[in-house]
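Single-letter residue listing:
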Amino acid sequence: MRLASTLALVIVTSVVGTANADHHHKVWWKYYTGTWSFENTMGEKGELKFSMAPTGDALVGQWKNEDGSSAYSVGGWQADKEVLVSNGYGSKGNYWQMAIKSITADVQEGTMHGAPPDGGTYNGKIVIKKVDADHCTWDFVGKDGDGGELKMGGKVTRKK
């Protein structure tokens, strides 16, 4: 669930805002909309569904892990700060928050912090890369709550 949370952060962070119609975050949001399968370096696998909020100002994610756990995320564009923010909360007490400040057509970069189901914490840098129309990857490098190095990653594949 920790990795699922992280992946959710990464993907949910790509949300549409009301300003700047040509901004890359809107392209990413359209890219994410749909149903995906995911797996990560923590051994988690499952299904992820992204949809736009009815008002068009947020991206909502539903995570269902093979172990029966789940999570929900919501992301949005903060125009005054020019940052995408995504918050997610899981059924095992985990949570995450991402802040993506660098967005191009193929890469998103920012920071992420949260707590995995085991009760620890993490804080660091997240990079999300679009591989092609149906695949993306994410990598997190940072520290756990004890100051130790922490690396996580995963891949997401669009379901057809």
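The text that follows walks through the structure, step by step, so that each part is easy to find. (Residues numbered from 1 in each chain as written. Predicted model: local features only at pLDDT ≥ 70, side-chain atom pairs only at ≥ 80, totals over all residues. Heavy atoms only, no water.)

### Observations regarding the overall build of the protein chain
Phase 1 of the analysis: When helices and strands are counted, the protein chain shows two helices and 10 strands.
Phase 2 of the analysis: Ordering the α and β elements of the protein chain from the N terminus gives α-α-β-β-β-β-β-β-β-β-β-β.
Phase 3 of the analysis: Of all 160 residues assigned to the protein chain, the portion counted as buried reaches 47%.
Phase 4 of the analysis: Long-range pairs, those at least 24 residues apart, make up 44% of the contacts in the protein chain with a sequence separation of at least 6.
Phase 5 of the analysis: Surface exposure of the protein chain reaches about 7500 Å², of which carbon and sulfur atoms provide 50%. (Helix = DSSP H or I, 4+ residues; strand = E, 2+ residues; numbered from the N terminus. Buried < 20%, exposed > 50% of the residue type's maximum accessible area, 1.4 Å probe, protein only. Contact = heavy atoms within 4.5 Å. Areas by Shrake-Rupley, 256 points an atom, 1.4 Å probe, with all protein chains shown as cover.)

### Concerning the packing of aromatic side chains
Phase 1 of the analysis: This structure, assessed with the given rule, holds nine aromatic pairs.
Phase 2 of the analysis: Both rings, one in W28 and one in Y32, keep their centres 5.5 Å apart while their planes meet at 45°; by these two values the pair is tilted. Of this pair, W28 and Y32 both sit in helix α2 (residues 24–32), four residues apart, roughly one helical turn.
Phase 3 of the analysis: Overall, W28 belongs to the buried group, its relative accessible area being 0%.
Phase 4 of the analysis: Of the residues examined, Y32 reaches a relative accessible area of 0% and is grouped as buried.
Phase 5 of the analysis: Between the aromatic rings of F38 and W63, the centroid separation amounts to 5.4 Å while the plane-to-plane angle is 70°, which identifies the pairing as edge-to-face. Within this pair, whereas F38 is found in strand β1 (residues 34–40), its partner W63 is found in strand β3 (residues 59–65), the two being separated by 25 residues in sequence. Accessibility classification places F38 together with W63 in one group, the buried group.
Phase 6 of the analysis: Ring-pair connections join several aromatic residues into one group, and the members of that group are W28, Y31, Y32, W36, F38, F50, W63 and W96.
Phase 7 of the analysis: When the ring centre of Y31 is taken as reference, the NZ or CZ atom of R158 above it lies at 5.5 Å. (Phe/Tyr/Trp six-rings, centres within 6.5 Å; stacked < 30°, edge-to-face > 60°. Lys NZ or Arg CZ within 6 Å of the ring centre and 35° of its normal.)

### Structural notes on the environment of Y89
Phase 1 of the analysis: Looking at the secondary structure, you find Y89 in strand β5 (residues 83–90).
Phase 2 of the analysis: The class for Y89 is exposed, based on a relative accessible area of 53%.
Phase 3 of the analysis: Each C-alpha atom of the pair Y89 and W63 lies 9.8 Å from the other, and the pair is 26 residues apart in sequence.
Phase 4 of the analysis: Leave out the neighbours within four places in its chain, and Y89 touches A71, Y72, N94, Y95 and W96.

### Examining the sheet that holds strand β7 (residues 107–115)
Phase 1 of the analysis: The antiparallel closed barrel is built from 10 strands, whose spatial order is β1-β2-β3-β4-β5-β6-β7-β8-β9-β10. Within the sheet, the average angular offset between the axes of one strand and its neighbour, ignoring direction, is 25°.
Phase 2 of the analysis: Note that β1 and strand β2 (residues 45–52) share six bridges and pair antiparallel. Within the sheet, the bridge partner assigned to S37 lies in β2 and is E47.
Phase 3 of the analysis: Contacts from α2 reach β1, β2, β3, β4 (70–78), β5, β6 (95–103), β7, β8 (122–132), β9 (135–144) and β10 (149–158) within the one sheet, and its direction differs from that of β8 by about 75°. (Pairing = 2+ DSSP bridges. Axes fitted to C-alpha atoms, helices over the stretch in contact; angles between N-to-C directions.)

### As for α2
Phase 1 of the analysis: Among the residues making up α2, those that are buried are H25, K26, W28, W29, Y31 and Y32.
Phase 2 of the analysis: In the stretch just after α2, G34 is the one whose phi turns positive, near 135°.

### Details of the pairing of β9
Phase 1 of the analysis: The pairing of β8 with β9 spans 10 bridges and is classified as antiparallel. Bridge pairing links G124 to G142 in β9.
Phase 2 of the analysis: Hairpin connection, β8 to β9: the antiparallel pair is bridged by two residues.
Phase 3 of the analysis: Bridge analysis of β9 against β10 gives nine bridges, and the strand direction is antiparallel. Looking at β10, one finds that W138 is bridged to G154.
Phase 4 of the analysis: Linking β9 to β10, which pair antiparallel, is a turn of four residues; within it G147 sits at a positive phi near 90°.

Shape is all these values report; function is a separate question.
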